[in-house]
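Descriptive structure summary
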Amino acid sequence: HTPDSAALIVRLVLEELGLPYQIAPIDRAGGALDSAAYRKLQPLGKIPALETPDGVLFETAAIVLHLAEITGKLAPQPNTPERGPFLKWLFFTSSNLHPVLLNYYYPHRVAGPENAEAAKAQAPITLKTLLALLEDMVALDAPDWLSTAPSILGYYIAVLMRWLAEPCPATDYPALHKILLALETRPAALACAQAEGLGDTIFSNPS
């Protein structure tokens, strides 16, 4: 864990579910992500990784989906009508929105130093298209699993939109903005915000 990283998504879900957990801070700046010990947990040296009785998990979407399945909360369960649509948009978020966000903040990773400026310029254009698709889906379909009620997808998107406040203001997406406003008042969000020093409007107006 490091504050205000993808580990925050997992922490929010753990808090919302009321599951006991321990934070294991890692010296990211000191190169600990590249250590042999951490690479045994997360072979790519990324955050988060979660040690569980079922083994070590990594990949944010996989972790939160596992937590939803073992508790039967915060997501449609297998063999229910809403499961398919939910999974579609969960993996849309993890496979499209999250990676393009990383392109905006770390363009050199995907394009190399010589093309980083162009990659950073393109990222907001793509991000706005992806967020518009999510906005339209929520406005038209009004699914329970992405609404003002807490869900693993809601928290995932809320954290991503926190980081996108500059290129893609949440107020440009009214249906999604309504979700952010509701989720940031949850006890789980307030607890995480206090623990990581992120302010009371953790999603809608990041400090």
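This section reports on the structure supplied with the text. (Residues numbered from 1 in each chain as written. Predicted model: local features only at pLDDT ≥ 70, side-chain atom pairs only at ≥ 80, totals over all residues. Heavy atoms only, no water.)

1. Considering the packing of helix 4 (residues 83-105) against helix 7 (residues 152-163)
How we decide: Throughout, an axis means a line fitted to C-alpha atoms (over the contacting stretch in the case of helices), and angles, computed between N-to-C directions, take values from 0 to 180 degrees. Labels follow the DSSP assignment, with helices taken as runs of H or I lasting at least four residues and strands as runs of E lasting at least two, numbered in each case from the N terminus. Here is the rule for angles: anything less than 35 degrees is roughly parallel, anything more than 145 is roughly antiparallel, 65 through 115 is roughly perpendicular, and the remaining ranges are oblique. Handedness of each helix crossing follows the sense of rotation of the near helix against the far helix: counterclockwise by less than a right angle gives left-handed, clockwise gives right-handed. The contact criterion used is simple: two residues touch if any of their non-hydrogen atoms lie within 4.5 Å. Under this grouping Gly is polar, as are all residues other than the nonpolar Ala, Val, Leu, Ile, Met, Phe, Trp, Tyr, Cys and Pro and the charged Asp, Glu, Lys and Arg.
Here helix 4 crosses helix 7 at 15°, and the two axes come no closer than 11 Å. If you check the angle between helix 4 and helix 7, you find them roughly parallel. Between helix 4 and helix 7 the crossing geometry is left-handed. Residues Phe86, Trp89, Leu90, Thr93, Ser94, Leu97, His98, Leu101 and Tyr105 of helix 4 form the contact with helix 7, whose participating residues are Ile152, Leu153, Tyr156, Ile157, Leu160 and Trp163. Its residues assigned to classes, the contact of helix 4 with helix 7 shows 12 nonpolar, three polar and no charged.

2. Thoughts on the nonpolar core
Just so we agree on the cut-off: Think of a nonpolar core as a cluster: buried Ala, Val, Leu, Ile, Met, Phe, Trp, Tyr and Cys residues, connected wherever their side-chain atoms sit within 4.5 Å. Residue exposure (1.4 Å probe, protein chains only): buried if accessible area is under 20% of the type maximum, exposed if over 50%, otherwise partly exposed.
Judged by nonpolar contacts, the single largest core of 61 residues is most densely connected at Leu127, Leu134, Leu146, Ile152 and Phe203. Counting only elements with at least two residues in this core, the list comes to helix 1 (7-17), helix 3 (60-71), helix 4, helix 6 (116-141), helix 7, helix 8 (174-183) and helix 9 (187-196). If you tally residues by element for this core, the top one is helix 7, at 10 residues. Aside from chain neighbours lying at most four places away, what touches Ile152 is Val13, Val64, Leu65, Ala68, Leu74, Ala75, Phe86 and Leu90. Counting residues in each nonpolar core, the second largest holds five residues, with Ile26, Leu33, Tyr38 and Ile47 among its members.

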